[in-house]
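Overview (structure and organization)
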Amino acid sequence: MKAAYINRYGNIDDVQVGEQPKPSLSKDAVLVKVHAASINPVDIRVLEGEFKAILPVKFPFILGSDFAGTIIEVGSNVTQFKAGDEVYAKIDLNGAFAEYTVVQQSSLALKPQNISMELAASLPLVALTAWQALVEIAKVQPGQKVLIHAGSGGVGSIAIQLAKSLGATVATTTSGKNTRWVRELGADIIIDYKAADFEQELKDYDMVLDTQGGKTLEKSLNVVKRGGRIISISGPPDQAFAEAVNPNRFLKCVIPLLSWSIRHKAKKRGITYSFLFMQPNGQQLSKISELVEAGKIKPIVDQTYDFAQIKEAFQCVNTGRSKGKVVLKIAEL
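The rules behind the values
- Residues numbered from 1 in each chain as written.
- Predicted model: local features only at pLDDT ≥ 70, side-chain atom pairs only at ≥ 80, totals over all residues.
- Heavy atoms only, no water.
- Helix = DSSP H or I, 4+ residues; strand = E, 2+ residues; numbered from the N terminus.
- Polar contact = N/O pair within 3.5 Å; in protein donor to acceptor, adjacent residues only side chain to side chain.
- Contact = heavy atoms within 4.5 Å.
- Phe/Tyr/Trp six-rings, centres within 6.5 Å; stacked < 30°, edge-to-face > 60°.
- Buried < 20%, exposed > 50% of the residue type's maximum accessible area, 1.4 Å probe, protein only.
- Lys NZ or Arg CZ within 6 Å of the ring centre and 35° of its normal.

For the rest of this paragraph, the subject is the side chain of S152. When you line up the elements, S152 lands in the loop between β9 (145–148) and α4 (154–165). A polar atom in the side chain of S152 sits 3.4 Å from the side chain of N178. If we skip the residues at most four places from it in the chain, S152 touches T174, N178, W181, V182, S322, K323 and G324.

Attention shifts here to the packing of aromatic side chains. Following the criterion strictly, the structure yields four aromatic pairs and no others. When the centroid spacing of 6.1 Å and the interplanar angle of 80° are considered together, the rings of F97 and F314 count as edge-to-face. In this pair, F97 is assigned in the loop between β6 (86–90) and β7 (100–104) and F314 in helix α12 (residues 310–318), connecting sequence segments 217 residues apart. F314 shares its class with F97; the two are buried. Geometrically, the ring pair formed by F241 and F277 is edge-to-face, given 5.0 Å between the ring centres and 90° between the ring planes. Of this pair, F241 sits in helix α8 (residues 239–245) while F277 sits in the loop between β14 (272–275) and α11 (282–293), placing them 36 residues apart in sequence. The class of F241 is buried, set by a relative accessible area of 8%. Through a chain of ring-to-ring contacts, the aromatic side chains of F241, F275 and F277 assemble into a single cluster. Above the face of the Y100 ring, K22 is positioned so that its terminal group lies 4.3 Å from the ring centre.

Here it is, written out as structure tokens:
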């Protein structure tokens, strides 16, 4: 089968498109013909080897985190899906940039019926990230105040819509040129990060979803009220992450130390800091499908590329300026 893969850690130029063995089916999984897949910033971090000490890969390694496609075959223990079902998922490991991929049934959901394969492929990673932050961890309630950083990005654009569907008042940071666009997504308060400092403009927020890390994460401490929380996907990892990835004993001790400073500062303010390591979850993705079909969440795709243009697609994501997601067309229906 055709796939996009790497034979070593490197950069975008090291991505190859060529023949790789078709994945074998296990009893609890399904074999999917991939129609579309989306590129996420984390895919670039994987190919650059940023996680190799914690999550090493075996080469040749097929890239890709999420997809939409049609089930070709199901394992002997699969009861929730059948051949011919149109599905989407965050892949269990990687392997979405290929003509075929294998996914555990527990990670899979039926594709929303009212959107295309390309739009569906844009959702799993970012929508699950938003869901696990806002619903599972923060348990956002109507009337609460939520700050979502980088509202025009992949995660931010979906998180704004999800937070509004939960009844929250939503603030977001973005560039001035995207102000009108994020307002149309549902943002109530918009801070142009080039013209204003959000920590001077906002206060007493119940929750911050941090997608930036660094100084943005530090400043977010000044926005959250006592009893509130900051959930980061870009800040330093915590104990929960160490337990989830189960590295060697040394790293299991070291990883939580990386977030000691921010956790200590948060605790002094009566705030909870946590790092979100998003996990595939088919049940949660089914809930997201319901919101899409109800018109409460609209997938946002900036650019769509053919499979042969994968390096150009990676470059587009690497600029950090795309609105929403960048999608690859793997196969025609």
